[in-house]
Amino acid sequence: MTMIELTQEQAAPRIKALLTVHESRSLEFKRVSGKMVGKALETICAFANTEGGVLALGVADEKLVTGVSRFFGIQENPEALDDLTRKVRTQFHPPIEGIRFVRLPCDLRDGSAGHLILVQVNKSDKVHSIVDDGTWLRLDAGNREMTAAESTELSYRRGVRSAESEAVAIPLVLLETETWRGFVAARGLRIGNFAEQLQRIGLALQVGSEVQPTRAAVLLFAEEPGSLLAAHGS
């Protein structure tokens, strides 16, 4: 996460643009308050998981007020902003890279000098979740929590996960074949039992109290891999 402060001259065209654009798939406005933090995290997560976007902080919803009366500024609740910046660094799994906080000096609704902040979020090549608060997707003008199936599908599309790397509930004994023994001899694997050897080379995973092979292991070593996977509903 990086913090950037613009001069008034640099900020002027962006301030002007904020009064003409509308909330969308890639833009959201929020006043800075204690309740803002959780919603802002959802929006940042959703932007990263969708197409990227900008969260404008210190700006009221255009449906409630108009013109410069929308500019409440980040001075309205600096503690909430501090909380947000801290959680942006700690509450995403995996961390979202490249988030920029851009400070814009401007005149606020009461005529005093203040700042707005644009939180710029790029589309990520990973799938991100908020710790203990789900995985979020951006809609046309709001966010929606993704289901587990949607999150898995997005992980596949972005190359974060592959079907071959997932564990399957197939007894390991069915993979201890001549093909496996030939592989062991060629690779010189000597340490540990069958399950430990598979885990060491990334072809088995600990699932609860048992070790299960990955699909890749089944495809590599089973005598009839297609039939075996089908028989176990995979």
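For the structure itself, look to the data block above.
It should be emphasised that the depicted structure is a prediction, and the values quoted were computed from it without experimental measurement. (Residues numbered from 1 in each chain as written. Predicted model: local features only at pLDDT ≥ 70, side-chain atom pairs only at ≥ 80, totals over all residues. Heavy atoms only, no water.)

Draft legend 1. Up close: the side chain of Glu42. Summarising the element assignment, Glu42 is placed in helix α2 (residues 36-49). Under the relative-accessibility criterion, Glu42 is labelled buried at 10%. Dropping the residues within four chain positions of it, Glu42 is found in contact with Ile130, Asp133, Trp136 and Asn143. (Helix = DSSP H or I, 4+ residues; strand = E, 2+ residues; numbered from the N terminus. Buried < 20%, exposed > 50% of the residue type's maximum accessible area, 1.4 Å probe, protein only. Contact = heavy atoms within 4.5 Å.)

Draft legend 2. Layout of unusual backbone geometry. The omega torsion of the bond from His93 to Pro94 falls at -10 degrees, within 30 degrees of zero and hence cis. Structurally, Pro94 can be placed in the loop between β4 (92-93) and β5 (100-107). Positive phi, normally seen in glycine, also occurs at Asp132, with a value near 65 degrees. Examined against the element boundaries, Asp132 turns out to sit in the loop between β7 (129-130) and β8 (136-138).

Draft legend 3. Spotlight on the side chain of Gln120. As for its position among the elements, Gln120 is in strand β6 (residues 113-121). Side chain to side chain, Gln120 and Arg100 meet in a polar contact 2.7 Å long. Contacts of Gln120, omitting those with residues within four sequence positions, involve Arg14, Gly53, Val54, Gly98, Ile99, Arg100 and Val102. (Polar contact = N/O pair within 3.5 Å; in protein donor to acceptor, adjacent residues only side chain to side chain.)

Draft legend 4. Examining the pattern of salt bridges more closely. All told, the structure shown has 12 salt bridges when counted by the stated rule. The partner of Lys87 in a salt bridge is Asp83, and the shortest N-O contact between them spans 3.6 Å. Placement of both Lys87 and Asp83 in helix α3 (residues 78-90) is noted, with a separation of four residues, approximately one turn of the helix. By relative accessible area, Asp83 is classed as partly exposed at 22%. (Salt bridge = Lys/Arg side-chain N within 4 Å of Asp/Glu carboxyl O.)

Draft legend 5. Molecular detail of the pairing of β6. Across the nine residues that make up β6, a large majority, eight, are buried. Here five bridges tie strand β3 (residues 53-57) to β6, and the two strands are oriented antiparallel to one another. Looking across to β6, one finds that Gly53 is bridged to Val121. By the bridge criterion, eight bridges tie β5 to β6 in an arrangement that is antiparallel. Residue pairing for β6: Val102 is matched across the bridge by Leu118. Between β5 and β6, which follow one another and run antiparallel, lie five residues, and Gly111 among them has a positive phi close to 90 degrees. (Pairing = 2+ DSSP bridges.)

Such coordinate-based values are descriptive only and should not be taken to indicate function.
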